[in-house]
Amino acid sequence: MSSTVPRSGFVVFFLILVLTCAMYPVLKTLCVYIHSAVTGSYVAGYHSVLLVNCPTEQTARDIGRSIMEKRLAACLNIFPRTTTMYYWKGEIRDTSEILLLLRTKTSLVQRVVAYIKAVHPYDIPEIISFPIDDGSQHYLKWMEDAVTDI
């Protein structure tokens, strides 16, 4: 009987340890969001910046306008001609492209990427995202309000 109690205690301890380790990412995220709500601080990585190269300004405008109409981004910039060098099919290519810079919620990045891949004329469009660690609280709040929650 005495060996049963320590075994069951060990099993309970082990289960609690496993559940705690499994739930750690969820618990950490929850604590960060609660802290943010209480203190009004920004949660790093909640928003992202995406870089997308387009072959023409019209392509960038068309993709950008459609993303804005779908409320998948708070805002975007279209930078004029940039020079791009890259490897394609074993050769170095040198061309001009238009850079599209988008700001959105990190939770929407995969939807934005899927949409761009569906309409972009390149076989493999450059779509890169970076999380926003910090910034103007007023601007980040505005971004929150400008982007859909769908």
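By convention here, each chain's residues receive numbers from 1 onward along its written sequence. With the structure being a predicted model, the display of local features is reserved for residues of pLDDT at least 70 and the display and counting of side-chain atom pairs for 80 or more, all residues being used for whole-chain, interface and lining totals. To get the side-chain values, take all heavy atoms of the structure and skip hydrogens and water.

**Observations regarding the overall build of the protein**
Working definition: helices are DSSP H or I runs of at least four residues, strands are E runs of at least two. Numbering for both runs from the N terminus. Looking only at helices and strands, the protein has four helices and four strands in total. Across the protein, helices and strands are ordered from the amino to the carboxyl terminus as α-β-α-β-β-α-β-α. Computed over C-alpha atoms, the radius of gyration of the protein comes to 23 Å, more than 25% over the 15 Å expected from 2.2 N^0.38 for 150 residues, which places it beyond the range of a compact globule. Overall, the protein is about 80 × 45 × 25 Å in size when its C-alpha atoms are taken along their principal axes. Working definition: with a 1.4 Å probe on protein chains only, accessible area under 20% of the residue-type maximum means buried, over 50% means exposed, and in between means partly exposed. The buried share of the protein, taken over its 150 residues, is 30%. Just to be clear, the radius of gyration here is over C-alpha atoms, and the globule rule we use is 2.2 Å times residues to the power 0.38.

**Section: the pairing of strand 2 (residues 75–88)**
Note that strand 2 and strand 3 (residues 91–105) share twelve bridges and pair antiparallel. Each residue of the ladder has a partner; that of Leu76, found in strand 3, is Leu102. In textbook terms, the turn of a hairpin is the stretch between consecutive antiparallel strands, and for strand 2 and strand 3 this stretch comprises two residues, one of which, Lys89, has a positive phi near 55 degrees. DSSP-based pairing: two strands are paired if at least 2 bridges between them are found.

**Examining the pairing of strand 1 (residues 47–54)**
Among the eight residues of strand 1, seven are classified as buried, and the element is accordingly described as predominantly covered. Summarising the sheet, strand 1 and strand 3 pair through eight bridges and their orientation is antiparallel. Within the sheet, the bridge partner assigned to Leu50 lies in strand 3 and is Leu102. Both strand 1 and strand 4 (residues 127–131) contribute to a ladder of five bridges, which runs antiparallel. Across the sheet, residue Val49 finds its bridge partner in strand 4, namely Phe130.

**Re the packing of aromatic side chains**
Any two rings among Phe, Tyr and Trp, with Trp reduced to its six-membered ring, count as a pair given centres within 6.5 Å; such a pair is stacked if its planes are under 30 degrees apart, edge-to-face if over 60, and tilted if neither. Applying the stated criterion to the full structure yields one aromatic pair. Summarising the aromatic geometry, the rings of Tyr139 and Trp142 are spaced 5.4 Å apart at their centres and angled 40 degrees between planes, so their arrangement reads as tilted. You can see Tyr139 and its partner Trp142 sitting in helix 4 (residues 137–146), three residues apart, about one turn around the helix. You can call Tyr139 partly exposed: its relative accessible area is 33%.

**Concerning the environment of Arg61**
Structurally, Arg61 can be placed in helix 2 (residues 57–69). Considering only alpha carbons, one finds Arg61 and Met143, 82 residues apart in sequence, at a separation of 20 Å.

**Things to note about the pattern of salt bridges**
Opposite charge on two side chains lets them pair, provided their charged atoms get close. By salt bridge we mean one thing: a side-chain nitrogen of Lys or Arg within 4 Å of a carboxyl oxygen of Asp or Glu. Considering all chains together, one arrives at four salt bridges under this definition. The partner of Glu57 in a salt bridge is Arg61, with the nearest N and O atoms 3.0 Å apart. Residue Glu57 and its partner Arg61 are located together in helix 2, separated by four residues, close to a single helical turn. With relative accessibility at 45%, the residue Arg61 sits in the partly exposed group. Glu144 is paired through a salt bridge with Lys105; the nearest N and O atoms lie 3.5 Å apart. Remark: Lys105 occurs in strand 3 and Glu144 occurs in helix 4; sequence separation between them is 39 residues. Its relative accessible area of 23% is what places Glu144 among the partly exposed residues.

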